[in-house]
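# Chain and residue survey
The lines below spell out each chain.
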Amino acid sequence: LSSSSAASDVYKRQVLRVFETKRTDSNFLQYNGRALLPYLLLASPFVLLAVWLSVRHGLRPLQQLASRIAQRGQDDLQSVGFNARHGELRPLEQSLDHLFAQLRHKVERERAFVQDAAHEIRTPLAVITAQAHVMARSPSEEERTQAQAHLEQAIARTCLLYTSDAADEEDS
């Protein structure tokens, strides 16, 4: 029994201790930085080239749209007609088409207004011109007086037309 008890004492006294050096964060970063830095420096141009090519390729449809818009004439208010295949560009294309449609509508309204205003002003001006000719060429004093009265009425109507148009524009 004594030999088995001696063997058990030997096993009880043996302790396995494992030591590992304590690494601080700065030691860890220095070690890994020195080990990885050459590889990072070697790989970074290739990674940056891949990123640059990807971004350039991804932005190509946007550049094509910008080029198409830049080539348009200053009076061209038709839709862009880009037919964007990329979902990200569809809202932009639709918004531009909507904006151009609004501008077309406004330009058409302005043209119609100018045409209406020109028509409205031509009639009184024609009357004024005719009455001025009658006054200048009429041999009789009575005709000149009558032409002058018509001329003054035409001028008053023209002034009334101008003031009513100005008031309408202020209201809108």
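Residues numbered from 1 in each chain as written. Predicted model: local features only at pLDDT ≥ 70, side-chain atom pairs only at ≥ 80, totals over all residues. Heavy atoms only, no water.

## Some remarks on the overall build of the chain
Each helix and strand in the chain was counted, giving four helices and zero strands. Taking all 172 residues of the chain together, the buried fraction comes to 12%. Of the roughly 14800 Å² of accessible surface on the chain, a fraction of 59% belongs to carbon and sulfur atoms. (Helix = DSSP H or I, 4+ residues; strand = E, 2+ residues; numbered from the N terminus. Buried < 20%, exposed > 50% of the residue type's maximum accessible area, 1.4 Å probe, protein only. Areas by Shrake-Rupley, 256 points an atom, 1.4 Å probe, with all protein chains shown as cover.)

## Looking at the packing of aromatic side chains
Applying the stated rule across the entire model yields zero aromatic pairs. Here the basic side chain of Arg72 rests over the ring of Phe100, its NZ or CZ set 4.4 Å away from the ring centre. (Phe/Tyr/Trp six-rings, centres within 6.5 Å; stacked < 30°, edge-to-face > 60°. Lys NZ or Arg CZ within 6 Å of the ring centre and 35° of its normal.)

## Some remarks on the confidence of the model for the chain
When pLDDT is averaged along the chain, the result is 82; 85% of the residues meet or exceed 70. Of all helices and strands in the chain, the one with the weakest mean pLDDT is helix α1 (residues 2-13) (60), whereas helix α2 (residues 25-70) scores best (89). (pLDDT = per-residue confidence, 0-100.)

## Points about the side chain of Glu93
Structurally, Glu93 is set in helix α3 (residues 90-137). Although buried, Glu93 forms no salt bridge, and the nearest oppositely charged side chain, Arg90, lies 6.3 Å from it. Setting aside anything within four residues of it in sequence, one finds Glu93 in contact with Gly81, Phe82, Asn83 and Ala84. (Lys, Arg positive; Asp, Glu negative; His and termini not counted. Salt bridge = Lys/Arg side-chain N within 4 Å of Asp/Glu carboxyl O. Contact = heavy atoms within 4.5 Å.)

## A word on the nonpolar core
Leu65, Leu77, Val80, Phe82, Ala84, Leu89, Leu96 and Phe100 together form the largest nonpolar core, which totals eight residues. Residue contacts for Leu65: discarding those within four places in its chain leaves Val80, Phe82, Leu92 and Leu96. (Core = buried A, V, L, I, M, F, W, Y, C linked by side-chain atoms within 4.5 Å.)

## As for the pattern of salt bridges
Between side chains of opposite charge, pairing is possible as soon as their charged atoms come close. The final tally for this structure, using the stated rule, is two salt bridges. For the salt bridge of Arg144 with Glu141, the shortest nitrogen-to-oxygen distance reads 2.8 Å. Placement of the pair is Arg144 and Glu141 together in helix α4 (residues 141-171), with a separation of three residues, close to one helical turn.

## Focus on a nonpolar patch on the surface
A cluster of nonpolar residues, Val47, Val51, Val55, Leu59, Leu62 and Leu92, forms a patch on the protein surface that exposes about 480 Å² of accessible area. Structurally, the position occupied by Val55 is in helix α2. You can call Val55 partly exposed: its relative accessible area is 47%. (Patch = residues over 30% accessible without salt bridge, like charges linked within 9 Å, V, L, I, M, F, W, Y side chains within 5 Å.)

## Describing α3
Over its 48 residues, α3 runs 69 Å from end to end, which matches the ideal 70 Å to within 8%, given 1.5 Å per residue. Buried residues of α3: Glu93, Leu96, Phe100, Pro124, Ile128 and Gln131, and no others. (Expected span 1.5 Å × (residues − 1).)

## Details of α2
If you check α2, its first and last C-alpha atoms are just 55 Å apart, much less than what 46 residues at 1.5 Å a residue would give, namely 68 Å. In the structure, α2 departs most strongly from a straight axis at Leu36, where the bend amounts to approximately 40° and where the proline Pro38 lies between one and four residues downstream. (Bend = angle between axes of the 7 residues up to and from the residue.)

## Observations concerning the environment of Ala154
Secondary-structure assignment places Ala154 in helix α4. C-alpha of Ala154 to C-alpha of Thr129: the two residues are 25 residues apart in sequence and 9.7 Å apart in space. Excluding residues that lie within four positions of it along the chain, Ala154 makes contacts with Pro124, Val127 and Ile128.

## A short note on the side chain of Arg72
The residue Arg72 is located in the loop between α2 and α3 in this model. Among the residues examined, Arg72 registers a relative accessible area of 16% and is labelled buried. In terms of polar contacts, Arg72 uses its side chain to reach the backbone carbonyl oxygen of Asp76, at 3.0 Å. When residues no more than four places from it in sequence are discounted, the contact partners of Arg72 are Leu77, Gln78, Ser79, Val80 and Phe100. (Polar contact = N/O pair within 3.5 Å; in protein donor to acceptor, adjacent residues only side chain to side chain.)

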